[in-house]
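An overview of the molecular structure
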Amino acid sequence: GNNAFVAIDSVCTHQGCTIGYSLAANNFPCPCHGSIYSTTGAVINGPATIGLKSYPVTKSGNILTVSLHKRPDQIGGIGCKYKAASDKSFAASFT
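Residues numbered from 1 in each chain as written. Predicted model: local features only at pLDDT ≥ 70, side-chain atom pairs only at ≥ 80, totals over all residues. Heavy atoms only, no water.

A word on the state of the cysteines
What we call a disulfide is simply a covalent bond connecting the sulfur atoms of a pair of cysteines. We apply this condition: Whenever a pair of cysteine sulfur atoms sits within 2.5 Å, that pair is classed as a disulfide. Classification of residues uses two cut-offs on accessible area relative to the type maximum, computed with a 1.4 Å probe and protein chains only: under 20% is buried, over 50% is exposed, and between them is partly exposed.
For the structure on display, the rule yields 1 disulfide. Residue Cys12 stays outside any disulfide, its sulfur separated by 3.8 Å from that of Cys30, the closest cysteine. Relative accessible area serves as the criterion here: at 4%, Cys12 is assigned to the buried category. Exposure remark for Cys30: the relative accessible area of 5% places this residue in the buried category.

And the structure:
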């Protein structure tokens, strides 16, 4: 890949559906009503009018750190290990 990482909310600002990711279009479409968000969280196509919240990401070796206002309730996925670094960030290691 291009080693670019983004962290954005996965909840559509229109009506709260969970967005997906389109590798082909490099954007985040909402399957419920057709809103599309850029990789920065900006609205590309409505009906959503408010962008997704984005979070700063830093990478050191195989550790990604996402700075948050609050620690997330649930993070993870296949091949992902994470730990809360503080109430302001978490780190994820991908294998």
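There's more to say after this.
Looking at the nonpolar core
Operational definition: In this description, a nonpolar core means a group of buried Ala, Val, Leu, Ile, Met, Phe, Trp, Tyr and Cys residues linked to one another through side-chain atoms lying within 4.5 Å. Whether two residues are in contact is decided by their heavy atoms, any of which lying within 4.5 Å being enough.
Formed by Ile8, Cys12, Cys17, Ile19, Phe28, Cys30, Tyr37, Ala48 and Leu52, the largest nonpolar core amounts to 9 residues. Look past the residues within four positions of Leu52 in its chain and what remains in contact with it is Ile8, Asp9, Val11, Cys12, Thr13, Ile19, Tyr37, Thr40 and Gly41.

A few points about the packing of aromatic side chains
Counted only if it meets this: Only Phe, Tyr and Trp rings are paired, with Trp represented by its six-membered ring, and only when their centres lie within 6.5 Å; those with planes under 30 degrees apart are stacked, over 60 edge-to-face, the remainder tilted.
Across all of its chains, the model carries 1 aromatic pair by this definition. Aromatic side chains Tyr21 and Phe28 sit 5.0 Å apart centroid to centroid with 50 degrees between the ring planes, which places their arrangement in the tilted category. On the basis of relative accessibility, which here comes to 44%, the residue Tyr21 falls in the partly exposed class.

Some thoughts on the sheet that holds strand β3 (residues 36-37)
The condition that has to hold: The pairing criterion for strands is at least two bridges between them, as found by DSSP. What counts as a helix is a DSSP run of H or I of at least four residues, what counts as a strand is a run of E of at least two, and both are numbered from the N terminus.
Reading across from one edge, β2-β3-β4 is the order of the 3 strands in this open sheet, with antiparallel pairing throughout. The sheet is open, and its two borders are formed by β2 (28-29) and β4 (43-45), each paired with just one other strand. Taken together, the 2 bridges between β2 and β3 define a ladder with antiparallel strand orientation. Looking across to β3, one finds that Pro29 is bridged to Ile36.

Focus on the pairing of strand β7 (residues 63-67)
Within a regular beta strand, the side chains point alternately toward one face of the sheet and then the other, so they alternate between its two faces. Only one face of β7 is buried: it carries Leu64 and Val66, and the other face, with Ile63, Thr65 and Ser67, is open. The antiparallel hairpin formed by strand β6 (residues 57-60) and β7 contains 2 residues in its connecting segment, where Gly61 sits at a positive phi of about 65 degrees.

What to know about the side chain of Asn27
Looking at where Asn27 falls in the secondary structure, it is placed in the loop between β1 (7-8) and β2. Asn27 gets classed as buried once you look at its relative accessible area, which sits at 12%.

Observations regarding the pairing of β6
Pairing between β6 and β7: 4 bridges, direction antiparallel. Note that in β7 the partner of Lys59 across the bridge is Leu64.

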